[in-house]
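# Per-entry structural report
As a plain string of letters, each chain reads:
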Amino acid sequence: MPDKLRLMIIDDEPIVGKRLKRLLEKDGYNVEAFTGGTPALEALEKQHFDIIITDLMMGRIDGMKVLETAKNKNPDIKVIIITGFGKKETADEALNKGAFDFIIKPFKFEELHKVVKKAETELKAKDN
Amino acid sequence: MTDDYSLIPTSDSRILNSHFHLPSNPQNIVFLKTGVSMQLKIWHKMIIGITIPSLIALVGGFLTYGYINDVKNRQSFVQLADDMKEHILEVRRNEKNFLLHKDIEYYKYFQSSVSILKNSLSNISPQTVTEIGEDNFSRLRQSIQTYSGSMNDLYVQYQHETDVVEKVREDGRKLENFVAAKRSPGELSMNFILNLRRLEKNYMLFRDKGSYNALDNALMQIKNIIPFCFECMPYIEAARDLSEAYNQSDLLINDLQVNGEGLETITYKIASLERQKINSFLGRTHNLLLLALLLLCTLGPLLVYKTATYIVAPIKRLADITKKISEGDLNLRAPLKEHDETYSLAQSFNTMLDHLQLTHQSLERSLELLHEKQVEAEKRASLGFLVSGITHELNNPLNNISLTAETMKEDLNEMTLEEMKDYIQDILSQSERAKHIVGDLLEFVGTRKTTVMEKLDIVNVVEESIKLVANQLRVNNINLKTNIPNMVFFVNGNASKLEEVFVNIIVNAVHAMKDSGTLTVCVKPDNGNKNILIEISDTGCGIPEKELKNIFEPFYTTKPVGEGTGLGLSVTHSLVTKHSGDINVRSRVGEGTTFTIKLPLYEETV
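Owing to the predicted nature of the structure, the values given are computational and were not obtained by experimental measurement.

## Considering a nonpolar patch on the surface
Taken together, the side chains of Leu55(B), Leu58(B) and Phe62(B) present a nonpolar region at the surface, about 330 Å² in accessible area. Structurally, the position occupied by Leu55(B) is in helix H2 (residues 42-101).

Rendered as structure tokens:
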């Protein structure tokens, strides 16, 4: 396992990708941002990612589809859902499908940062 | 049956209403108007219908029987009269025999036949006498009496006549002897006497005036020959007495015959009177039978028809009302005006209907409640959807602002001025985005300030809207077809809002067609130039039927986030409504969608 964890950010709001990429890279992660689910799934086919941070409502390929595809490919992958659509039923569905956590927009970066750290800890613990 | 209805609640229906808690408004209960109702039961009506023709037949029969009975009685009277006539003929035969023979035997026969006649008369009952006529009988009795008296007189006269004849003969013989003894003067010859005696015999034989005149002349000659012939005188006297006796007898015979004929006339009259009565009775019987037959032939069928109609009418009325009720008018009730067996039928039927109406109303109420609950549930779901939509749409720009601000705060020292400007611009545009969402929302709920309306050419607005999206159409390789008349159609509206409407719909159409297709825009007047129709059709993917009903709902979208807020069509709908217009959509999956916007044309009074 390389030193730097590979993070994928998917959101159809480009600003989200841009801002999170900058902040997370400062924390030492290798981050790639995608606008929309389709290019993200293509990248997931070819590359390895440890953590996915994805929006939920994104046109044809939504966050739920990304979660299912990613979990099918790599059950260890940590998928963190971020959404402006804060319904409990949606959160429950995502968690049932194996999402690592569910964060509601608007959020403080610190909040996301903690969840990513927790995911990293779990990943490292599993490796060890 | 008439279609004329009257609104008459009956006491029965009120009782039922109160019992079953039906709406007590009497106007709700409608009754069929009935014609003249008879207070008779069906079997009464049937009995009347059968009895009246039977009574006609019976009365006719009885009267005919009475008349025939009378005829029979009269026949016996005629027989009686005929019998009497027979007796009288017998009496008259004896009368003739007596007149011919002047014999006591025939006189006795005559008297015996008169007694038989009298007996038969006295044997007739007083009732019969009254029936035939008292006057005729008393006349008959009197005539018999007179007739019989005449016969007695005649008998006595005949005895006297015999004596006179004997005296004439004796005196004749004496005169004959006197002349034969030649004691008389020579003129009174034997020949003369013998001639005289011949004339005397002739007179006795013929009893006529000629014979008497001849005899009388001869007697006068005696007086001329011997003026004082004492021997001749008794003979002359006797001859004169004979003439008197004969005259007297003739008078009596005449009386007798007149009386006899009178008797015959009376009996003939009685018989003929009775025959006349019989004929009159037969005539009346004939007429009566004819009348009864006529009545039976006319009144009989009429009564049978009327009876059938009276019996069937209430049943028919009931059938008519049941038909109307079966067609759905549960407020109708069978009329309770009949007094026959259909009354209880109608009553039961109405009770059944009351139950049915009650059940119907209860079902309708349940349906209403169910519908209210459904509407409530839909409202809640709709509100939830709305809130979720608002949350989602607002949280995204807020999140962007928050993340950008956080990044700036974190990296402020490392950031170039350009980067900072970009970041601030992001914050501003995301704030603008949030503001726009709130604006749309306010537009939708209609709390925004009043839109300025003015007289404007809708064709121009449509054309301007097409220009606005022309570039987008080109980029997406979409063919544009327009059918816009080269005319001016004014509407009362706001150009920018109407442009927003058309652009919204066209942009939706472009999204539905993706990279190729045909957009058709058509403008045409409608409803006798009162409205204008703007039809915008695409050849896109279409909208499934289950989604069609939601497309004007706020925050309802099938598009990816960022491509639409879900407020576009709801705002469009709201704007069209503000222009007193109407928007409709029809769509087939795989074929395309057509939006039709109907706007009222401008009127000077607006």
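## Side note on helix H1 (residues 14-26) of chain A
An α-helical turn contains 3.6 residues, so a residue and the one three or four places further along point in the same direction. Residue and element names in this part refer to chain A. The first and last C-alpha atoms of H1 sit 19 Å apart over 13 residues, in line with the 18 Å expected at 1.5 Å per residue. Ile15, Val16, Gly17, Arg19, Leu20, Arg22, Leu23 and Leu24 are the residues of H1 that are buried. Trailing H1 by a residue or two, glycine 28 shows a phi angle of about 95°, which is positive.

## Section: the nonpolar core
All names here are of chain B. Judged by nonpolar contacts, the single largest core of 43 residues is most densely connected at Ile458, Phe502, Ile534 and Ile597. Contributions of two or more residues to this core are made by helix H11 (458-475), helix H12 (495-513), strand S7 (517-526), strand S8 (531-538), helix H14 (568-578), strand S9 (582-588) and strand S10 (592-600). For this core, the element with the most residues is H12, which contributes 10 residues. Apart from the residues within four sequence positions on either side, isoleucine 597 is in contact with Val501, Phe502, Ile505, Ile532, Leu533, Ile534, Ile536, Val576, Asp582 and Ile583. Formed by 30 residues, the second largest nonpolar core is a distinct cluster that contains Ala81, Ile88, Leu99 and Leu256.

## A few points about the interface of chain A and chain B
Across the boundary between the two partners, chain A contributes 21 residues, which contact 24 residues of chain B. Summing both partners gives a buried area of about 2,100 Å² for chain A against chain B, and 51% of it is carried by carbon and sulfur. Contact with chain B buries surface across chain A, with Glu13(A), Arg19(A) and Arg22(A) losing the most and accounting together for 31% of the total. Linking chain A with chain B are 6 salt bridges, by the criterion used here. For Asp411(B), the salt bridge is made with Lys26(A), and the minimal N-O distance between the two is 2.6 Å. One can count 13 residue pairs in polar contact (both at pLDDT 80 or more) joining chain A with chain B. Contributions of two or more residues to the side of chain A that touches chain B are made by H1 and helix H5 (109-127) of chain A. Per element, the largest residue contribution to the side of chain A that touches chain B is 7 residues, and it comes from H1(A). Across the side of chain A that touches chain B, the residue classes break down as 10 nonpolar, 2 polar and 9 charged.

## Side note on the environment of Ile466(B)
Relative to the helices and strands, Ile466(B) resides in helix H11. Once the C-alpha coordinates of Ile466(B) and Phe502(B) are considered, the two residues, 36 residues apart in sequence, prove to be 8.1 Å apart.

## Quick word on the pairing of strand S2 (residues 30-34) of chain A
All names here are of chain A. Two elements, strand S1 (residues 6-10) and S2, share 5 bridges in a ladder whose sense is parallel. Looking across to S2, one finds that arginine 6 is bridged to asparagine 30. The β-α-β motif built from S1, the intervening H1 and the parallel element S2 has right-handed crossover chirality.

## Focus on the sheet that holds S8(B)
All names here are of chain B. As summarised here, the arrangement of the 5 strands in space is S5-S7-S8-S10-S9, forming an open sheet in which the pairing is mixed. Of all strands in the sheet, those bounded by a partner on one side alone are strand S5 (478-483) and S9. Averaged over all pairs of adjacent strands, the angle between their axes in this sheet comes to 15°, without regard to strand direction. The sheet contact formed by S9 and S10 spans 7 bridges and is antiparallel. Across the sheet, residue arginine 586 finds its bridge partner in S10, namely threonine 594. Packed onto the sheet, H11 meets S5, S7, S8 and S10 and runs at close to 175° relative to S7. Sitting on the sheet, H14 touches S9 and S10, and the angle it makes with S9 is about 140°.

## So, the packing of H11(B) against H12(B)
Residues and elements named next belong to chain B. Packing of H11 against H12 leaves a shortest axis separation of 9 Å and a crossing angle of 40°. By the criterion of interaxial angle, the relationship of H11 to H12 is oblique. Judged by the twist between their axes, the crossing of H11 over H12 is right-handed. Each of Ile458, Val461, Val462, Glu464, Ser465, Ile466, Leu468, Val469, Gln472 and Leu473 in H11 lies in contact with H12, whose residues at this interface are Ala495, Leu498, Glu499, Phe502, Val503, Ile506, Val507, Val510 and His511.

Here is what the cut-offs are and how they apply
- Residues numbered from 1 in each chain as written.
- Chains lettered and ligands numbered in written order.
- Predicted model: local features only at pLDDT ≥ 70, side-chain atom pairs only at ≥ 80, totals over all residues.
- Heavy atoms only, no water.
- Patch = residues over 30% accessible without salt bridge, like charges linked within 9 Å, V, L, I, M, F, W, Y side chains within 5 Å.
- Areas by Shrake-Rupley, 256 points an atom, 1.4 Å probe, with all protein chains shown as cover.
- Salt bridge = Lys/Arg side-chain N within 4 Å of Asp/Glu carboxyl O.
- Helix = DSSP H or I, 4+ residues; strand = E, 2+ residues; numbered from the N terminus.
- Expected span 1.5 Å × (residues − 1).
- Buried < 20%, exposed > 50% of the residue type's maximum accessible area, 1.4 Å probe, protein only.
- Core = buried A, V, L, I, M, F, W, Y, C linked by side-chain atoms within 4.5 Å.
- Contact = heavy atoms within 4.5 Å.
- Buried area = accessible area lost by both parts, 1.4 Å probe.
- Polar contact = N/O pair within 3.5 Å; in protein donor to acceptor, adjacent residues only side chain to side chain.
- Nonpolar A, V, L, I, M, F, W, Y, C, P; charged D, E, K, R; others polar.
- Pairing = 2+ DSSP bridges.
- Right-handed = clockwise from strand over helix to strand, strands pointing away.
- Axes fitted to C-alpha atoms, helices over the stretch in contact; angles between N-to-C directions.
- Parallel < 35°, antiparallel > 145°, perpendicular 65-115°, else oblique.
- Left-handed = near helix turned anticlockwise from the far one by under 90°.

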